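Below, each chain spelled out in residue letters.
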Amino acid sequence: MTTAKIGVFDSGVGGLTVLRELYRQLPNESILYFADTARLPYGNRSQAEILQFVRQILLWMQQQGVKMAIMACNTSSALALETVRCEFDFPVLGVILPGARAAVAVGKRIGVIATPATAASNAYRRAIQEVDPKVQVWQVGCPAFVPLIEQNRINDPYTYEIAQEYLQPLLQQQIDTLVYGCTHYPHLAPILRRILPKTVTLVDPAVHVVAAAVQELDLLGLKNHQGAKPTRFGVSGCPQQFARLSVQWLGCTPAVEQVCLPVPMPLQSVPIESID
Ligand SMILES: N[C@@H](CCC(=O)O)C(=O)O
């Protein structure tokens, strides 16, 4: 047993959909939530940038003594998880594999809505077809969604219009399942539900990554049985802006601090001239 915190991070308020699941499935765990709001959206970034950001965040979380970290961000999970997970001495979980497994369990014609970077990485198609190569997968990049959510324009008629546009190619393929391939997108559930036929099952990887965290904590004997401390929220951008936006999902105004992330040491390399 350990009372150490679980670290959770995203570019912004998307990770709150994972936090909500943590509160539901692991009510005794204390959480450290970080949102890299100064550098969002992640979905248009290169792999090198995402790797650098993720290393900084995990290094900071290590300094805060977390016992596990959850990348509550598909873009980071798609572009950085494989590389960084062996660089830290605590388990690091991503959302894509748990989401892909859950989707294969219910669907044969699977649509994935994601950031442009996640869609281009093909991470969902690979993970799904590794489980079942016969399942068909269509991935759509939705560049406008994260900025609209972060600007609190969820109920703006434009958000509905653009959602119709993004879902159109998936509806044409008669998908039976739709995966939220970005943790921000469950915040759009009421809008997406209005557009999708009732027969389409929505899969939220947040539910499944937290189920995987439960198993991992059990396996490692790391569960906390003593009751949770209030979640600590850190951001790289404006704390007040994050607090104002997230109150609608948290049900109360959180105390948010601004965090200055550490700069990781460059990997040691031997200069070519010094090799005989
Ligand atoms: N929550 C996002 C990050 C999106 C972004 O900042 O573009 C994800 O799951 O990928």
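Residues numbered from 1 in each chain as written. Predicted model: local features only at pLDDT ≥ 70, side-chain atom pairs only at ≥ 80, totals over all residues. Heavy atoms only, no water.

- With an unreviewed UniProt entry as reference, the chain is termed Glutamate racemase, source organism Microseira wollei NIES-4236.
- Taken directly from UniProt, the Function (unreviewed entry) text for the chain runs: "Provides the (R)-glutamate required for cell wall biosynthesis."
- Under the UniProt heading Sequence similarities (unreviewed entry), the note attached to the chain is "Belongs to the aspartate/glutamate racemases family." (UniProt positions renumbered as here; feature names shortened; annotations may be inferred.)

1. What to know about the environment of T3
Part 1 of the argument: Along the chain, the position of T3 falls in the segment before β1 (6-10).
Part 2 of the argument: Here the alpha-carbon distance between T3 and K67, two residues 64 residues apart in the chain, equals 8.7 Å.
Part 3 of the argument: Contacts of T3, omitting those with residues within four sequence positions, involve N224 and Q226. (Helix = DSSP H or I, 4+ residues; strand = E, 2+ residues; numbered from the N terminus. Contact = heavy atoms within 4.5 Å.)

2. Focus: the pairing of strand β7 (residues 177-181)
Part 1 of the argument: Of all five residues making up β7, five are buried, and the element is well covered by its neighbours.
Part 2 of the argument: Side chains of β7 alternate between two faces, with T177, V179 and G181 and L178 and Y180 buried alike.
Part 3 of the argument: Relative to β7, strand β5 (residues 109-114) runs parallel, the two sharing five bridges. Residue I113 lies in a different strand from β7, and its bridge partner there is Y180. (Buried < 20%, exposed > 50% of the residue type's maximum accessible area, 1.4 Å probe, protein only. Pairing = 2+ DSSP bridges.)

3. What about the site of the ligand?
Part 1 of the argument: Surveying the vicinity of the ligand reveals 13 residues, the closest of which are S11, Y42, G43, N74 and T75.
Part 2 of the argument: Contact between the ligand and G43: an oxygen atom at 2.7 Å from a main-chain N or O atom of the residue.
Part 3 of the argument: Side-chain polar atom of H184 to a nitrogen atom of the ligand: 2.9 Å apart, as the coordinates give it.
Part 4 of the argument: Here the residues of the shell around the ligand are counted per class, giving five nonpolar, seven polar and one charged. (Near = heavy atom within 4 Å. Polar contact = N/O pair within 3.5 Å; in protein donor to acceptor, adjacent residues only side chain to side chain. Nonpolar A, V, L, I, M, F, W, Y, C, P; charged D, E, K, R; others polar.)

4. Points about the UniProt feature "binding site: substrate" (unreviewed entry) in the chain
Part 1 of the argument: Annotation from UniProt places "binding site: substrate" (unreviewed entry) at D10, S11, Y42, G43, N74, T75, T183 and H184. Taking the farthest pair of C-alpha atoms as the criterion, the annotated set spanning 175 residues converges on one region, since that pair is 11.8 Å apart.
Part 2 of the argument: Mapped onto the fold, S11 is located in the loop between β1 and α1 (16-25).
Part 3 of the argument: We classify S11 as buried; its relative accessible area is 4%.
Part 4 of the argument: With respect to the secondary-structure elements, H184 resides in the loop between β7 and α10 (189-195).
Part 5 of the argument: For H184, the residues in contact, after removing those within four places along its chain, are D10, S11, G12, V13, G14, V146, I149 and E150.
Part 6 of the argument: From its side chain, H184 meets the backbone nitrogen of G14 in a polar contact 3.4 Å long.

5. Comments concerning the UniProt feature "active site" (unreviewed entry) in the chain
Part 1 of the argument: Sequence positions flagged by UniProt for "active site" (unreviewed entry) are, in local numbering, C73 and C182. For the residues just named, distributed over 110 residues, the greatest C-alpha separation is only 6.6 Å, placing them together at one site.
Part 2 of the argument: Excluding anything up to four places from it in sequence, C73 contacts F9, D10, Y42, V95 and T183.

6. A few points about the sheet that holds strand β9 (residues 232-235)
Part 1 of the argument: Spatial strand order, β4-β3-β1-β2-β9-β10: six strands in an open sheet with parallel pairing. Only two strands of the sheet have a single neighbouring strand rather than two, namely β4 (92-93) and β10 (256-258).
Part 2 of the argument: One ladder, built from five bridges, connects β1 with strand β2 (residues 31-35); its direction is parallel. What sits directly across from D10, in β2, is A35.
Part 3 of the argument: Against the sheet, helix α11 (residues 205-220) makes contact with β1, β3 (68-71) and β4, and its axis sits at roughly 165° relative to β3, the strand it touches most.
Part 4 of the argument: Sheet strands in contact with helix α12 (residues 239-250) are β2, β9 and β10, and its direction is about 150° off that of β10. (Axes fitted to C-alpha atoms, helices over the stretch in contact; angles between N-to-C directions.)

7. Some words on the sheet that holds β7
Part 1 of the argument: One open sheet accounts for four strands, arranged β6-β5-β7-β8; its pairing is parallel. On the outer flanks of this sheet lie β6 (136-141) and β8 (201-203), each paired with one strand and no other. The average angle at which neighbouring strand axes cross in this sheet is 20°, direction not considered.
Part 2 of the argument: In the packing of helix α7 (residues 123-131) onto the sheet, contacts are made with β5, β6 and β7, and the angle to β6 comes to roughly 165°.

8. Considerations on the packing of aromatic side chains
Aromatic rings considered in pairs are described by the distance between their centres and by the relative angle of their planes.
Part 1 of the argument: Following the criterion strictly, the structure yields eight aromatic pairs and no others.
Part 2 of the argument: Ring centres of Y42 and F53 lie 5.5 Å apart, and the angle between their planes is 40°; this geometry places the pair in the tilted category. Residue Y42 is located in the loop between β2 and α2 (47-63), and its partner F53 is located in helix α2; the two are separated by 11 residues in the primary sequence.
Part 3 of the argument: The buried category is assigned to Y42, whose relative accessible area is 1%.
Part 4 of the argument: Taking the centre distance of 6.2 Å and the plane angle of 45° together, the rings of F233 and F242 count as tilted.
Part 5 of the argument: Residue classification places F233 among the buried positions, given a relative accessible area of 5%. (Phe/Tyr/Trp six-rings, centres within 6.5 Å; stacked < 30°, edge-to-face > 60°.)

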